[in-house]
Amino acid sequence: MKLPVFIAKRKSGSFLFIIIFHFYTLSAKPYIEYSEIAGDAYKAAISLRLEEAQRLLTLMGSREPENLARLHIENYIDFFYLFVKEDQKEFTKREGNRARRLQLLESANLEVPESRFIQAEILLQWALIRLKFDQKLKAGGEIYEAYKLLEANKKLYPKFEENKKSLSIIHTLAESLPGWIRKVVGIKGSIQLGEKEIIDLVKIANSKKDYFFREEAIAINAYIWYYQANKKNQAIQLLKNSNLDHKTNPMLAFLKASLALRHGNNEECIKYLTEAPRTKEYLDFDYLDYMLGRSLLYKLDDSSVSYMKTFVQNFKGQHYIKEAYQKIAWSKIVFGNDLAAYKKEMANCAKYGNSLIDEDQQALTESKENATPHPILLKARLLYDGGYYGQAQNILIKNGHLFTNKGEGPLEYHYRLGRTLQALKNYPDAITYLLKTIELGKNNKKYFACNAALQIGLIYEENKNDVQAKKYYNLCLKIKPTEYQTSLHQKAKSGLERVSSK
């Protein structure tokens, strides 16, 4: 900013300085602009180069002191650090940043769409972090506040397309919320609405050179297609066609690896994880070690154990520690049938970590049971989870004679074979085994019967039989296992929403 020259007939220069400073502070007005330096800081932040992002923001503060876009990027830094590290002390330390940033944006009183948009983004990011730390009520309140800001912004500035980035997520997940919550908070939406919003934004991102939020928009689109809209092949293809570079962004490696594994392509998952950047300029993403160890275990590779041990030794966060110890314990069965070592690692599973998510809850449940996984069923499970369906089918059929007696053996055997046949697209036989699973497991607290009902629903939906799909989605919701209930029921609700809207 060019300052005017003031003439003051005083021996001291202090009066001149005061006039100039006063004029500058009165003239400088806050604004929001996603400038070049803001873009560089943003790209560094979403790539987990957080120290670089902070240095760029410091430079931005000196060059563009009134540009409030920096508050958005600052929040990304906090969000990604807490998302990756799950550090309770840092969460407590940084939580005050949320209120400070919102206050600065509100007090600036800028009548521009970016103001409400950034406030909503800050609220949503903190809501996601609160869910990591089991603060569900506060998270729900922040999601609702973000929703109100975005809906108001949409009415005031209908051509401001960035509203769709966060609204697409809220609208897509709205139907998965319990009915009483939807009624109380008044959030309305559907998978179809959220899908349309994010597709519109991705089209805009691809039509403009260097669109600021392009990577995020594509990632959200892939997530919605894969996990909510049941368009898994399209999600995978979207990521492959978008040229998003996982070799320079650990978060993209995480996303691509997660979808590849869920899609039955463990080898591709391992490729993404081994190619993820792990040099010192990136924030340590310990969970990638666990993911790689788990994927190697799925192909029955004994090098898996070292990666999972590295994870439990280095990670100080909230989630997946119990599951990691469970997988280490499984390795003792798979690579040597060492029952004593299995029990030792399951004792660690009970002792360390939290049980806030389904995976850790299931691991804790197993640790409390006085039972050991059958080596054949465990190997079949691991091979299936890695997408090695032919190998899983062979080991199950070859050893079917071992699971004819009563007890949980036949229940799990029918479930494993049914799921494997489903993956191989032998749907008639898959449904036969999954129906037998429901019959055997209807009074069992394990997740087999509940997921069998969900999978039958998905088979019927894929084959355009919405009446039968709806029947089995509803059956899934009626079965209440002690394991994975939250995620299984959420998927059933999403399935019901899809088939009911046709």
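Here the residue numbers are simple positions, counted from 1 along each chain's written sequence. Only residues with pLDDT of at least 70 get local features here, since the model is predicted, and only at 80 or more are side-chain atom pairs given and counted; chain-wide, interface and lining totals rely on the full set of residues. Excluded from the side-chain calculations are hydrogens and water; all other atoms, namely the structure's heavy atoms, are used.

Thoughts on the environment of Leu-421
Worth spelling out the cut-off: A run of DSSP states H or I qualifies as a helix once it reaches four residues; a run of E qualifies as a strand once it reaches two. Both are numbered from the N-terminal end. What makes two residues a contact is simply this: any of their non-hydrogen atoms within 4.5 Å.
Relative to the assigned elements, Leu-421 resides in helix α22 (residues 408–423). Considered as a pair, Leu-421 and Ile-46 are 375 residues apart in the sequence and their alpha carbons are 39 Å apart. If sequence neighbours within four positions are ignored, Leu-421 has contacts with Gln-393, Asn-426, Asp-429, Ala-430 and Tyr-433.

Here's the deal with the pattern of salt bridges
Oppositely charged side chains may form a pair once their charged atoms are brought near each other. Selection criterion: Salt bridge, as used here: a side-chain nitrogen of Lys or Arg that lies within 4 Å of a carboxyl oxygen of Asp or Glu. Exposed residues in this analysis have more than 50% of their type's maximum accessible area, buried residues have under 20%, and partly exposed residues fall in between, with area computed by a 1.4 Å probe over protein chains only.
In the structure shown here, the tally under the stated rule is 32 salt bridges. The partner of Lys-132 in a salt bridge is Glu-86, with the nearest N and O atoms 2.8 Å apart. Here the residue Lys-132 occupies a position in helix α6 (residues 113–132), and Glu-86 occupies one in the loop between α4 (69–85) and α5 (88–108), the gap between them amounting to 46 residues. A relative accessible area of 3% places Glu-86 in the buried class.

Notes on the nonpolar core
We apply this condition: Working definition of a nonpolar core: buried Ala, Val, Leu, Ile, Met, Phe, Trp, Tyr and Cys residues. They are joined through side-chain atoms within 4.5 Å.
Judged by nonpolar contacts, the single largest core of 115 residues is most densely connected at Phe-80, Phe-285, Tyr-287 and Phe-311. For Phe-80, the residues in contact, after removing those within four places along its chain, are Ala-45, Ile-46, Leu-48, Leu-50, Met-251 and Leu-283. Core analysis: the second largest hydrophobic core is formed by 37 residues, Ala-380, Tyr-413, Leu-417 and Ala-453 among them.

Quick look at the state of the cysteines
The cut-off we apply is this: Disulfides are defined as pairs of cysteine sulfur atoms found within 2.5 Å of each other.
Using the criterion set out here, one finds zero disulfides in the structure. Here Cys-476 stays free of any disulfide, with the sulfur of Cys-450 as its closest cysteine sulfur at 3.6 Å. On the basis of relative accessibility, which here comes to 0%, the residue Cys-476 falls in the buried class.

Digging into the side chain of His-72
Tracing the chain through its elements places His-72 in helix α4. In this structure, His-72 is in contact with Tyr-34, Phe-117, Ile-118, Glu-121 and Phe-213, ignoring residues within four places of it in sequence.

Re helix α23 (residues 427–441)
We apply this condition: Any helix carries an expected span of 1.5 Å times its number of residues minus one. The arc in question is traced by the directions running from the helix axis to the C-beta atoms.
In this model, α23 (15 residues) spans 20 Å end to end at C-alpha, consistent with the 21 Å of a helix rising 1.5 Å per residue. Buried residues of α23: Tyr-427, Ala-430, Ile-431, Leu-434, Thr-437, Ile-438 and Gly-441, and no others. One side of α23 carries all its buried residues, which in axial view fall inside an arc of 115 degrees. Where α23 is buried, its residues touch α22, α24 (448–462) and α25 (466–478).

A closer look at the packing of aromatic side chains
Here is the rule: Side-chain rings of Phe, Tyr and Trp (the six-membered ring for Trp) are treated as a pair once their centres are within 6.5 Å; stacked means planes under 30 degrees apart, edge-to-face means over 60, and tilted covers the remaining angles. Only when the NZ atom of a Lys or the CZ atom of an Arg is both within 6 Å of the ring centre and within 35 degrees of the ring normal do we say a charge sits over the ring.
Applying the stated criterion across every chain yields a total of 31 aromatic pairs. Taking the centre distance of 6.0 Å and the plane angle of 70 degrees together, the rings of Phe-254 and Tyr-287 count as edge-to-face. Residue Phe-254 is located in helix α13 (residues 250–262), and its partner Tyr-287 is located in helix α15 (residues 287–298); the two are separated by 33 residues in the primary sequence. Across the pair, exposure class does not vary: Phe-254 and Tyr-287 are buried alike. Residue placement shows Lys-132 over the ring face of Phe-83; its charged tip is 4.2 Å from the ring centre.

Focus: the packing of helix α7 (residues 136–156) against helix α8 (residues 163–174)
Spelled out, the test is: Under this scheme, a helix contributes an axis fitted over its contacting stretch, all axes are lines through C-alpha atoms, and angles between N-to-C directions fall in the 0 to 180 degree range. Orientation categories follow fixed angle ranges, with anything under 35 degrees roughly parallel, anything over 145 roughly antiparallel, 65 to 115 roughly perpendicular, and all other angles oblique. Here is the rule for handedness: rotate from the far helix to the near one, and if that takes an anticlockwise turn smaller than a right angle the crossing is left-handed, while a clockwise turn gives right-handed.
Between α7 and α8, the least distance of the axes is 10 Å, while the angle of their chain directions is 130 degrees. As the angle between them shows, α7 and α8 are arranged oblique. Between α7 and α8 lies a crossing of left-handed hand. Judged by residue contacts, Ile-143, Tyr-147, Leu-150, Glu-151, Asn-153 and Lys-154 of α7 engage Asn-163, Ser-166, Leu-167, Ile-170 and His-171 from α8.

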